[in-house]
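Given next are the chains, with one letter for each unit.
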Amino acid sequence: MEDTGIRIGLAGFGTVGSGLLQILESNRSWITKRLGAELTVKTILVRDLQKSRSSLPDADTTFTARMEDLVHDPELDIIVELIGGQDDAYRLIKNSLLAGKSVVTANKALLAEHGPELFELAAARNLGLYYEASVAGGIPIVQTLKESLAGNRIKSLTGILNGTANFILSEMTHKQLGYEQALALAQDKGYAEADPALDVDGLDAAHKLTVLIRLAYGQDYPLHELPVHGIRDVDQYDILRAKDFGYVLKLIAQVKEQSGSLQAGVFPALVRSDHMLAKVDGPFNAVLLEGNAVGPIMLYGQGAGDLPTGSAVLADIMTLVNRKAFYNNTGFLDLSMPKASILPPELTSAKHYFRFTVQDRPGVLSVLSGIMGEHNISIAQVVQKQEANGQTVPVVFLTHTAQLKDVNSAVREISGLDFIKAPTVHYRLL
Ligand code: NAP
Ligand code: HSE
């Protein structure tokens, strides 16, 4: 009898790898029914063969610590890369493609840095390099941009793309948890990257935004040119003030198209409480898109964790098994991707939130508002909430729309004043 089984070489048996195996096990007959073939994980690559593991695969599956056992095994049809990081993951994916094997990965950091090169290699060999799980965990955003919305020009894409950062901000907002405590919880739950700095400093969201920009615009926005600000310095005080004004603080990743140029970045922003993105809490992610034909669309779901992410990895495996003629990796036919025309961040406009810590003395407010006026910044609201502690007092401003160039020069000038007693806190309004 002909063997119709598909054999997978799985690299990584951590949060996502074990989640994938759990789904393969629990949905086995359903998957076989849809594919007409059985999926089996033949070999699992890990770093430490002696590690005790809370879940174990079938007795037929073997563990290895040698990458070559995946790359050079002629029986393996698909390689699934879930080890994360850069160097080994890069070698594994590149060598697997060179060995003629299609690859599924959840590694946004690697794709952000090396995506164009690896996609060229895959296309030149007509192999699949699929990556649904790399952005927004279980949300099918890659497939949506590649196929469902392929006929649209995407005017803007605004997302909550990092589950860890969103979880931390939600815990700080709704449970008044401290930043460190909330981060430890996110790590316990398996949302955070091996190096959580990637989550809290906005880099993970930047990696994902880079991947999405390629899918939405067919252009490469180099990671190192993307303005990125994380949530490491977020203070409970600003979360509370934002709430008073009717906003919640979220880590936002955004790209907008403006006359052929792209304006993009990752930044904490005050989002109006009645905005759909304001309701996205905990490890959930969301992507709000504006297509020129379809109008607005929002996709919402779990952005991290074993089963949601495993679900996206499995979807890619099944798509690869089903499509053998042409692998649509990027959604564009060109092998190489042109560099995006980038709108300088200084020329972008938004409303802003400022908190100045000032010495409590007469005339301070008029100096601050005077400097903002000189820099074309019009003030919408001012609040001086906390009673003076005898030395300093926080003064919070919300502005009307102002250009970042003007905002930066006003903040620079204000920061040099003798009555400013702490670094200025500055957020954008969405
Ligand atoms: P993880 O829990 O840290 O597991 C990593 C696994 O890879 C472990 O089994 C580890 O082996 C193995 N490994 C690491 N480096 C290796 C190397 N150099 N050679 C061989 N094996 C190696 O990671 P994860 O959370 O599952 O994340 C995996 C990937 O998915 C990452 O790219 C991550 O960014 C991405 N991702 C994660 C999530 C999530 O919610 N966690 C969501 C979306 C995407 P040992 O078990 O022996 O240590
Ligand atoms: N560390 C990532 C996050 C995992 O928190 O969103 C999902 O990509």
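What counts as what
Residues numbered from 1 in each chain as written. Chains lettered and ligands numbered in written order. Predicted model: local features only at pLDDT ≥ 70, side-chain atom pairs only at ≥ 80, totals over all residues. Heavy atoms only, no water. Near = heavy atom within 4 Å. Polar contact = N/O pair within 3.5 Å; in protein donor to acceptor, adjacent residues only side chain to side chain. Areas by Shrake-Rupley, 256 points an atom, 1.4 Å probe, with all protein chains shown as cover. Nonpolar A, V, L, I, M, F, W, Y, C, P; charged D, E, K, R; others polar. Helix = DSSP H or I, 4+ residues; strand = E, 2+ residues; numbered from the N terminus. Buried < 20%, exposed > 50% of the residue type's maximum accessible area, 1.4 Å probe, protein only. Contact = heavy atoms within 4.5 Å. Phe/Tyr/Trp six-rings, centres within 6.5 Å; stacked < 30°, edge-to-face > 60°. Lys NZ or Arg CZ within 6 Å of the ring centre and 35° of its normal. Domains from an automatic or database assignment. Axes fitted to C-alpha atoms, helices over the stretch in contact; angles between N-to-C directions. Parallel < 35°, antiparallel > 145°, perpendicular 65-115°, else oblique. Left-handed = near helix turned anticlockwise from the far one by under 90°. Core = buried A, V, L, I, M, F, W, Y, C linked by side-chain atoms within 4.5 Å. Arc of directions from axis to C-beta. Pairing = 2+ DSSP bridges.

Draft legend 1. The site of ligand 1, seen in detail. Lys51, Arg53, Asp88, Glu193 and Gly305 are the nearest of the 24 residues found near ligand 1. Within the contact set of ligand 1, an oxygen atom lies 2.8 Å away from a backbone nitrogen or oxygen of Phe13. In the model, an oxygen atom of ligand 1 is placed 2.8 Å from a nitrogen or oxygen of the Arg53 side chain. The protein chains hide 86% of the 890 Å² of surface that ligand 1 would expose on its own. Split by residue class, the shell around ligand 1 holds nine nonpolar, eight polar and seven charged.

Draft legend 2. Main features of the side chain of Asp238. Following the sequence through the fold, Asp238 ends up in helix H11 (residues 236-245). You can call Asp238 buried: its relative accessible area is 2%. If we ignore the near neighbours within four places in the chain, the residues touching Asp238 are Tyr353, Arg355, Val425 and Tyr427.

Draft legend 3. View of the packing of aromatic side chains. One pass over the structure, following the stated rule, counts seven aromatic pairs. Between Phe354 and Phe356 the ring centres are 5.6 Å apart and the planes differ by 20°, which places this aromatic pair in the stacked class. Of the two residues, Phe354 and Phe356, neither departs from the other in class, the shared state being buried. Through a chain of ring-to-ring contacts, three or more aromatic side chains come together here, namely Phe354, Phe356 and Phe397. If you follow Lys146 out to its NZ or CZ, it ends over the ring of Tyr130, 4.1 Å from the centre.

Draft legend 4. Representation of H11. Of the positions making up H11, those classed as buried are Tyr237, Asp238, Ile239, Arg241, Ala242 and Phe245. The distance from a side-chain oxygen at the start of H11 to the backbone nitrogen of Tyr237 is 2.8 Å, and the residue carrying that oxygen is Asp235. Among the residues trailing H11, Gly246 stands out with phi positive, at a value near 95°.

Draft legend 5. Inspection of the domain arrangement of the chain at higher detail. By domain assignment, the chain separates into domain 1 (6-137 + 308-322), domain 2 (141-302) and domain 3 (351-429). Taking the mean C-alpha position of each, domain 1 and domain 3 sit 51 Å from one another.

Draft legend 6. Summary view of the packing of helix H1 (residues 15-26) against helix H12 (residues 306-322). One can describe the packing of H1 onto H12 by two numbers: an axis separation of 7 Å at closest approach and a directional angle of 70°. Classed by the angle they form, the pair H1 and H12 counts as roughly perpendicular. Seen along the crossing, H1 lies across H12 with a hand that is right-handed. For the pair formed by H1 and H12, the contact residues are Thr15, Val16, Gly19, Leu20, Gln22, Ile23 and Leu24 on the first element and Asp306, Leu307, Thr309, Gly310, Ser311, Val313, Leu314 and Ile317 on the second. Looking at the contact of H1 with H12 residue by residue, the classes come out as eight nonpolar, six polar and one charged.

Draft legend 7. Up close: the site of ligand 2. Around ligand 2 sit 13 residues, and of these Lys108, Gly163, Thr164, Glu193 and Asp199 come closest. Between ligand 2 and Lys108, the relevant distance is 2.6 Å, taken from an oxygen atom to a side-chain nitrogen or oxygen of the residue. Separating an oxygen atom of ligand 2 from a backbone N or O atom of Gly163 is a distance of 2.7 Å. When residues of the shell around ligand 2 are traced back to their parent elements, those giving at least two are helix H7 (163-174) and helix H10 (203-217). By residue class, the composition of the shell around ligand 2 is four nonpolar, four polar and five charged.

Draft legend 8. The nonpolar core, seen in detail. In this structure, Ile141, Leu145, Leu209, Ile231, Leu270, Leu289 and Tyr353 are the most contacted members of the largest nonpolar core, which totals 79 residues. In terms of residue count, H10 provides more of this core than any other element does, nine residues in total. Not counting residues up to four positions away in its chain, the partners in contact with Ile231 are Ala165, Ile168, Leu169, Tyr179, Val200 and Leu251. Formed by 30 residues, the second largest nonpolar core is a distinct cluster that contains Val41, Ile44, Val313 and Leu314.

Draft legend 9. Here's a closer look at helix H8 (residues 179-188). Among the residues of H8, those classed as buried are Tyr179, Ala182, Leu183 and Ala186. For H8, the angular spread of buried residues about the axis comes to 100°, placing them on one side. Set apart from the buried face of H8 by more than 90 degrees, the exposed residues are Glu180 and Asp188. Against H7 and helix H9 (197-200) lie the buried residues of H8. One or two steps after H8, the chain reaches Gly190, where phi turns positive at roughly 85°.

Draft legend 10. Region of the structure containing the sheet that holds strand S4 (residues 78-81). Taken in spatial order, the six strands make up an open sheet running S3-S2-S1-S4-S5-S6, and their pairing is parallel. A single partner strand is all that each edge strand has here, and the edge strands are strand S3 (62-64) and strand S6 (129-130). Pairing geometry for strand S5 (residues 102-105) and S6, over two bridges, is parallel. In the sheet register, Val104 faces S6, and the bridge partner there is Tyr130.

Draft legend 11. Spotlight on the environment of Ile317. Structurally, the position occupied by Ile317 is in helix H12. Accessibility expressed as a relative area gives 0% for Ile317, which makes it buried. The sequence separation of Ile317 and Ile252 amounts to 65 residues, and the corresponding C-alpha distance is 30 Å. In contact with Ile317, other than residues within four places in its own chain, are Ile8, Leu20, Leu39, Ile78, Val80 and Val104.

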